[in-house]
Amino acid sequence: MDITAIKTEPYTDQTLGTSGLRKKVSVIKQQNYVENFVQSVFDCLENFEGKTLVIGGDGRYYNDRAIQAILKIAVANQFGRIIVGQNGILSTPASSHVIVKYGAVGGIILSASHNPGGPDGDFGIKFDNEHGAPAPQELTAKISARTRTIDHFWTVDLPDVDLSQIGEQTFGNTVIQVISSVDDYVAYMQEIFDFGKIKKLFDNGLTFIYDAMNAVTGPYAVRIFEEILGAEKGSVIHAVPLPDFGGLHPEPNLTYAKHLVDLMYTENAPDFAAASDGDGDRYMILAPSFFLNPSDSLAVLTQYLDTIPFYKGRLTGVARSMPTSFAVDAVATDKNLPFYQTPTGWKFFGSLLTANKIALCGEESFGAGSFHLQEKDGIWAILAWLSILAETGKTVEQITRELWQKYGRVFAMLQSYEGLDATDANTLMARLNTQLPTLPGTSIQGETITEAFNFAYTDPVTGEIAQNQGICLLFGTDTRIVFRLSGTGSSGATLRVYLNKRITDPTHFDDAPADALATLAEVSRIVSDLKKLTGRHTPTTIT
Ligand code: VG1
Ligand code: CO
C-alpha cells in the first residue's frame, strides 16, 4: 500500500462557521475539496499517529462518497484505528459519545445538520475533539487558516472500504473498525435514564409520536422508543434515513415540522410529540395544543434535572447561549446555580463542561445537552423530559405553566430573514453597530431602549475571547431584541432577529406569541431600517 502526497491548490472559502464547514453539495464535489479540508484538519492536530479517529455522518447525499475519500486520507496520515458507524452512519451525539468511549483523539462528522440534503442541498464536515466537543474557536481558526495555504494531501491507493458489515479490516498500519451506529449510544442512554420508570408511562397508556424527519435518528428512535420503551409500533414516523430526507427540511420547528404541529392541534393529538433534526442533535417537544418553547424547556430542565437519579447532586451550573431567552436565568438564581451566557454555537459550552462548571446547557434553536456528552443531544432531551414526567407525575403543559406562574412567561421568538444579499446584511449590522452609543434613551413604538451593546465573551476557563457575537437591545430587564447573522448557511446571508418579552400577568399567558411580540417585531424592523437596507419586511421563517 503506497502512501503518496498529492499536490493541491487551496480553496479560499473553507472557513468554519457556527458548526463546522457547510456548503452546497455542488461546492463540496469540486476536485480535492473534501481532501483539502480533511488534510487541513489533520495538519492542525498533534501526535495522532497510531491513535484512534471516529468517522460518521447523518447519511445525507454524498456521505458515502466523502467517507471513502476521508478513509484514504486518514489511513495515509497513519491513524492506528478508524472507527466508522455502519454504512457511515452516526448521529452527532452518538459520534461524540463514541469518541470518548473508545478514547479517540477526535472525530469527523459528515453533516449539514438541519440544512436540506440531496444533490441540490447542503453538505457539511465538523470536527469534534477528544472530549467529543465541537472544535473550539482557537482550533477552528487554525483549520480555516490552514485551508488557505495547503499545497498537498496524503492519500493511499485503496479500493472502497466495505462499511456494510460490522467488524475489522486492516490496511497497512491502520485498522478500520465498523461499529453499530446505535448500540453504544442506546446503552449509554440506558445508563443515564431509568428506562423501567419511563416504560411505565407507556404501559399506563401515554400516547406518543416521534418524527425522525427521514434523517439520522430513525434507527435510534425505533430502538429506544418502540422496541425498548414499548411505544406503539409505528410511533416513530419518517423513520428511514434517506439521502435527501425525502424532500423534508430536517429542522424540527414550527415552520418545517408543520405537519406534526398541525396534528398536535387536532382532537387526535397524542399525549407527547417530539422530533429531531438531520444529525440528531436538536429536539422539539409538543403536547396537545401546546408548543414547548426550547428556552422554556431549558428552564424546566434546570429546575427538574436533578429529580433524575443520575443527575442528583451533580447539577453544578447551567449555561445558555446569549440569544436563548432569559427564562432559565431566574431558575438558576433560585437554585443558587452558577450561570453562564455564551455566544451562539455548542463549541462555547465545551470548556465549561470539561471544567465541570456546568452540568446542563441549551440554545433557543432546539438544542439541549448535559455533561453526558459534549454535543447537543436531541434524543437525550426527549428522554430527560419523559423521565421528568415519570418522576413528577405531571404533564408537559402542567410543568411549563407552573414555570410561568412562578417567574412569568417569557415569550420568545426567532424571526429569520433568509437568502439576503450578504453585503446588504453586513451593512445592516454595521449600521446598527455604529448606532449603539446613541440608541439608549430612544423610544420606538412606545418601547424605550435602555441598553445597546455588541455581545462579547471571554471564556472563563480558557480565556479565549469571542467578539462581535450579536447586537443586543435591552428595553428594561424583561424585554430584548437580539440581531445576529447566521453562521450555518451555505449561500447569501441570514439575519436572525430574536425577540423576548416577559409577561407576568397570567391573563396574558395564553396570548399568541405573534401578538405578544408584534410591537417588538415592528421595533426590530424600524430600528434596523430593514426594509430600506434589505428590501424585506416579512421574515422567511418564524420559530
Ligand atoms: C444555528 C443556531 C445555533 C446552533 C447552530 C448549529 O446557528 O442558531 O444555535 O448551534 O445552528 O445547530 P446559526 O449561526 O445559523 O444561527 V445544528 O443542529 O447545525 O448542529
Ligand atoms: Co443538528
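Nothing here was measured: the structure is a model prediction, and the numbers come from that model.

Analysis parameters
Residues numbered from 1 in each chain as written. Chains lettered and ligands numbered in written order. Predicted model: local features only at pLDDT ≥ 70, side-chain atom pairs only at ≥ 80, totals over all residues. Heavy atoms only, no water. Near = heavy atom within 4 Å. Polar contact = N/O pair within 3.5 Å; in protein donor to acceptor, adjacent residues only side chain to side chain. Nonpolar A, V, L, I, M, F, W, Y, C, P; charged D, E, K, R; others polar. Helix = DSSP H or I, 4+ residues; strand = E, 2+ residues; numbered from the N terminus. Buried < 20%, exposed > 50% of the residue type's maximum accessible area, 1.4 Å probe, protein only. Donors = N, O, S within 2.8 Å, 3.2 Å for Na, K, Ca; no water. Contact = heavy atoms within 4.5 Å. Pairing = 2+ DSSP bridges. Axes fitted to C-alpha atoms, helices over the stretch in contact; angles between N-to-C directions. Salt bridge = Lys/Arg side-chain N within 4 Å of Asp/Glu carboxyl O. 1 Å grid on protein atoms, 1.4 Å probe; cavity = no way out; pocket = protein on both sides within 12 Å on 5 of 7 lines; lining within 4 Å. Points joined across faces, edges and corners; volume = space filled by probe spheres on them. Patch = residues over 30% accessible without salt bridge, like charges linked within 9 Å, V, L, I, M, F, W, Y side chains within 5 Å. Areas by Shrake-Rupley, 256 points an atom, 1.4 Å probe, with all protein chains shown as cover. Phe/Tyr/Trp six-rings, centres within 6.5 Å; stacked < 30°, edge-to-face > 60°. Parallel < 35°, antiparallel > 145°, perpendicular 65-115°, else oblique. Left-handed = near helix turned anticlockwise from the far one by under 90°. Core = buried A, V, L, I, M, F, W, Y, C linked by side-chain atoms within 4.5 Å.

Caption draft 1: Representation of the site of ligand 1 in the model. Close to ligand 1 lie 18 residues, the nearest being T18, S113, S486, G487 and T488. Take R484: an N or O atom from its side chain is 2.7 Å from an oxygen atom of ligand 1. Per-class residue counts for the shell around ligand 1 are no nonpolar, 10 polar and 8 charged.

Caption draft 2: Local environment of unusual backbone geometry. The backbone of H238 shows a phi angle near 50 degrees, a positive value even though the residue is not glycine. Looking at the element boundaries, H238 is found in the loop between β11 (236-237) and α9 (258-264). With relative accessibility at 30%, the residue H238 sits in the partly exposed group.

Caption draft 3: Layout of the coordination of the cobalt ion (ligand 2). Coordination of the cobalt ion (ligand 2) by the protein is provided by S113 (OG), D277 (OD), D279 (OD) and D281 (OD), with metal-donor distances spanning 1.9 to 2.1 Å. Sequence positions of the donors to the cobalt ion (ligand 2) reduce to the motif S-x163-D-x1-D-x1-D. We note that D277, like D281, is buried.

Caption draft 4: Local environment of the environment of D162. Relative to the helices and strands, D162 resides in the loop between β7 (152-156) and β8 (167-171). Note on D162: relative accessible area 42%, which makes it partly exposed. Residues D162 and A452, 290 residues apart in the sequence, show an inter-C-alpha distance of 56 Å. If sequence neighbours within four positions are ignored, D162 has contacts with Q169 and V178.

Caption draft 5: Inspection of the sheet that holds strand β18 (residues 367-370) at higher detail. Sheet architecture is open: 4 strands sit in the order β16-β15-β17-β18, paired in mixed fashion. Of all strands in the sheet, those with a lone pairing partner are β16 (339-342) and β18, marking the two edges. Across the sheet, the axes of successive neighbouring strands diverge by a mean angle of 15 degrees, strand direction being ignored. Pairing geometry for strand β15 (residues 318-321) and β16, over 4 bridges, is parallel. Within β16, the position partnered with V318 by the bridge is F339. Sheet strands in contact with helix α11 (residues 327-334) are β15 and β16, and its direction is about 165 degrees off that of β15.

Caption draft 6: Spotlight on the pattern of salt bridges. The tally for this structure, following the rule as stated, stands at 28 salt bridges. Ionic pairing is found between E168 and R81, a salt bridge with its closest N-O pair at 2.8 Å. One end of the pair, E168, is in strand β8; the other, R81, is in strand β4 (residues 81-89), and 87 residues separate them in sequence. A relative accessible area of 24% means that R81 is categorised as partly exposed. For the salt bridge of R401 with E397, the shortest nitrogen-to-oxygen distance reads 2.8 Å. In this pair, R401 and E397 both sit in helix α14 (residues 396-407), 4 residues apart, roughly one turn of the helix. According to the relative accessible area criterion, R401 is partly exposed, its value standing at 25%.

Caption draft 7: View of empty space enclosed by the protein. Under the defined criterion, the tally for this structure stands at 2 cavities of 30 Å³ or more. Taken together, 15 residues line the largest cavity, and the ones lying closest to its centre are N293, E364, A412, M413 and L414. Taken together, the elements giving at least two residues each to the lining of the largest cavity come down to α10 (294-304), β19 (409-420) and β27 (493-503). The class makeup of the residues in the lining of the largest cavity is 9 nonpolar, 5 polar and 1 charged. The wall of the second largest cavity is formed by D296, A327, L403, W404, Y407, G408, V410 and R502. The element contributing the most residues to the lining of the second largest cavity is α14, with 3 residues. Across the lining of the second largest cavity, the residue classes tally to 5 nonpolar, 1 polar and 2 charged.

Caption draft 8: Looking closely at the sheet that holds strand β2 (residues 21-24). On the basis of which strands lie adjacent, the open sheet formed by 7 strands has the order β2-β6-β5-β3-β4-β9-β8 and mixed pairing. Two strands close off the open sheet at either side, each with one partner strand: β2 and β8. Going from strand to strand, the sheet's axes swing by 20 degrees on average, the running direction of each strand aside. As paired elements, β4 and strand β9 (residues 174-179) share 5 bridges and run parallel to each other. Each residue of the ladder has a partner; that of I83, found in β9, is Q177.

Caption draft 9: Structural context of the side chain of H249. Here H249 lies in the loop between β11 and α9. A distance of 3.2 Å separates a polar side-chain atom of H249 from the backbone oxygen of H114.

Caption draft 10: Representation of a nonpolar patch on the surface in the model. A cluster of nonpolar side chains, namely M1, I3 and W154, defines an oily patch on the protein surface of about 270 Å² accessible area. You can see M1 is positioned in the segment before β1 (3-7).

Caption draft 11: Looking closely at the packing of aromatic side chains. Scanning the model with the defined rule gives 20 aromatic pairs in all. On the numbers, 6.3 Å between centres and 75 degrees between planes, the contact of Y311 with W380 is edge-to-face. Of this pair, Y311 sits in the loop between α10 and β15 while W380 sits in helix α13 (residues 378-392); the two residues are 69 residues apart in sequence, bridging distant segments of the chain. Side by side, Y311 and W380 carry an identical accessibility label, which is buried. Grouped by ring-pair contacts, the aromatic residues F193, F310, Y311, F371 and W380 constitute a single cluster.

Caption draft 12: Structural view of the packing of helix α8 (residues 218-228) against α13. Where α8 meets α13, the closest approach of the two axes is 12 Å, and the angle between their N-to-C directions is 15 degrees. Relative to α13, the element α8 is oriented roughly parallel. Between α8 and α13 lies a crossing of right-handed hand. Counting all contacts with α8, which are made through Y220, A221, I224 and F225, the residues of α13 involved are I379, I382, L383 and L386. The class makeup of the residues in the contact of α8 with α13 is 8 nonpolar, no polar and no charged.

Caption draft 13: Representation of the nonpolar core in the model. One finds F225, F272, W380 and L386 to be the most contacted residues of the largest nonpolar core, which totals 76 residues. In terms of residue count, the dominant contributor to this core is α13 (10 residues). If we skip the residues at most four places from it in the chain, F225 touches F208, Y210, G230, A231, I379, I382, L383 and L386. Judged by nonpolar contacts, the second largest core, of 45 residues, contains L21, I55, Y62 and V178.

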